[in-house]
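Survey of secondary and tertiary structure
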Amino acid sequence: VPALLGLALALAWLLPAAGARRSQDLHCGACRALVDELEWEISQVDPRKTIQMGSFRINPDGSQSVVEVRPRPVSPPPGPLPAAPLSPARPPQVPYARSEAHLTELLERVCEKMKEYGEKVDPSTQRKSYVRVISHDGTKMDLSGVKFDGDVTSSLKFACESIAEEYEDELIEFLSHEAENVKDRLCSKRTDLCDHALHIPHDEL
């Protein structure tokens, strides 16, 4: 009986830890996949395409349009009219790919891409990672050991949507300009969604 009691206590301690690790693996994988997909979408935009700085609105069909902010007309003062009124300066143009308008639009739909991911378990650590099962360019993928089903994709999509909503400002901040190691900087350092053990060899733990 004492042995069984000890086993039960050990299981009671291990199961919550395993559940927490699974949840962390899921959210870490969703964060890294989210950044990958956003960066890929950004890379597909013609770098010559620009957008006018200013506010933007959501149209009824879900698209966005920029609203140019024009100064209110001012009644001319009494007296002679000026020779030629000065035209208001137009807001500057910025690259569309990394504009707030484009990034906000991407965050609304990018998590649909999670249906193209599967789950892979490291046999030595039992840690889970998430990999594409369908490549962007149609290249054949190595799917050995990859689990791909509705439970995996729906869990990953839900985690992705939660991250996109909670960390929208951070995602826009990091992706509004070109930067290196966005996945590690955002998912590990800024948000702590990925623990550092994922990136440290086991002999250093």
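Before reading on, note that the structure itself is shown above.
Here the structure is a predicted model, which is why all the values come from computation and not from measurement. Residues take numbers from 1 onward in each chain, read along the sequence in its written order. Only residues with pLDDT of 70 or above have their local features reported here, since the model is predicted, and side-chain atom pairs are shown and tallied only from 80 upward, although totals for entire chains, interfaces and linings are computed over all residues. Excluding hydrogens and water, the side-chain values take into account all heavy atoms of the structure.

What to know about the packing of aromatic side chains
Think of it this way: a Phe, Tyr or Trp ring, Trp meaning its six-membered ring, pairs with another when their centres are within 6.5 Å, and the plane angle makes it stacked under 30 degrees, edge-to-face over 60, tilted otherwise. The final tally for this structure, using the stated rule, is zero aromatic pairs. Lysine NZ or arginine CZ positioned within 6 Å of the ring centre and within 35 degrees of the ring normal marks a charge as sitting over the ring. Directly above the ring of Tyr 96 sits Lys 49, whose terminal nitrogen or CZ lies 4.2 Å from the centroid.

A closer look at the state of the cysteines
To count as a disulfide, a pair of cysteine sulfur atoms needs to be within 2.5 Å. What the rule picks out here adds up to three disulfides. Two residues share a disulfide in this structure: Cys 31 and Cys 187, whose sulfurs sit 2.1 Å from each other. Between Cys 31 and Cys 187 the disulfide shows an S-S torsion of about -90°. By sign, it is left-handed. One end of the pair, Cys 31, is in helix 1 (residues 2-43); the other, Cys 187, is in helix 5 (residues 182-190), with 156 residues separating them in the sequence. Between the sulfur of Cys 111 and that of Cys 160 lies a disulfide, 2.0 Å long from S to S. Here the disulfide of Cys 111 and Cys 160 is left-handed, its torsion about the S-S bond being about -80°. Here Cys 111 is found in the loop between helix 2 (100-109) and strand 5 (117-121), whereas its partner Cys 160 is found in helix 3 (residues 150-166), with 49 residues between them in sequence. The exposure classification of Cys 111 matches that of Cys 160, with both residues buried. Cysteines bonded in the protein are numbered consecutively along the chain; their disulfide partners then correspond to 1-6, 2-5, 3-4. The helix and strand labels rest on DSSP assignments: H or I over at least four residues marks a helix, E over at least two residues marks a strand, and numbering proceeds from the N terminus. Summary of the burial criterion: residues with accessible area below 20% of their type's maximum are buried, those above 50% are exposed, and those between are partly exposed, where the area comes from a 1.4 Å probe applied to protein chains only.

Description of the packing of helix 3 against helix 4 (residues 168-175)
Geometry is summarised by axes, namely lines fitted to C-alpha atoms with helices restricted to the contacting stretch, and by angles between N-to-C directions that run from 0 to 180 degrees. One can describe the packing of helix 3 onto helix 4 by two numbers: an axis separation of 4 Å at closest approach and a directional angle of 80°. Considering the angle they form, helix 3 stands roughly perpendicular to helix 4. Facing Ile 163, Ala 164, Glu 165 and Glu 166 of helix 3, the residues of helix 4 in contact are Glu 168, Glu 170 and Leu 171. Three residue categories are used. Nonpolar comprises Ala, Val, Leu, Ile, Met, Phe, Trp, Tyr, Cys and Pro, charged comprises Asp, Glu, Lys and Arg, and polar comprises the others, including Gly. In terms of residue class, the contact of helix 3 with helix 4 is built from three nonpolar, no polar and four charged. When an angle is under 35 degrees it counts as roughly parallel; over 145 it counts as roughly antiparallel; between 65 and 115 it counts as roughly perpendicular; any other value is oblique. Only heavy atoms enter the contact rule, under which two residues are in contact if any of them lie within 4.5 Å.

Topic: the pattern of salt bridges
Salt bridges are counted wherever a side-chain nitrogen of Lys or Arg sits within 4 Å of a carboxyl oxygen of Asp or Glu. For the coordinates displayed, the defined rule picks out 13 salt bridges. Note that Asp 46 is salt-bridged to Arg 48, the shortest N-O span being 3.1 Å. A relative accessible area of 34% means that Asp 46 is categorised as partly exposed. A salt bridge links Lys 128 to Glu 119, with the shortest nitrogen-to-oxygen separation between them at 3.8 Å. A relative accessible area of 24% means that Lys 128 is categorised as partly exposed. Linked through salt bridges whose partners overlap, the residues forming this network are Glu 37, Glu 116 and Arg 132.

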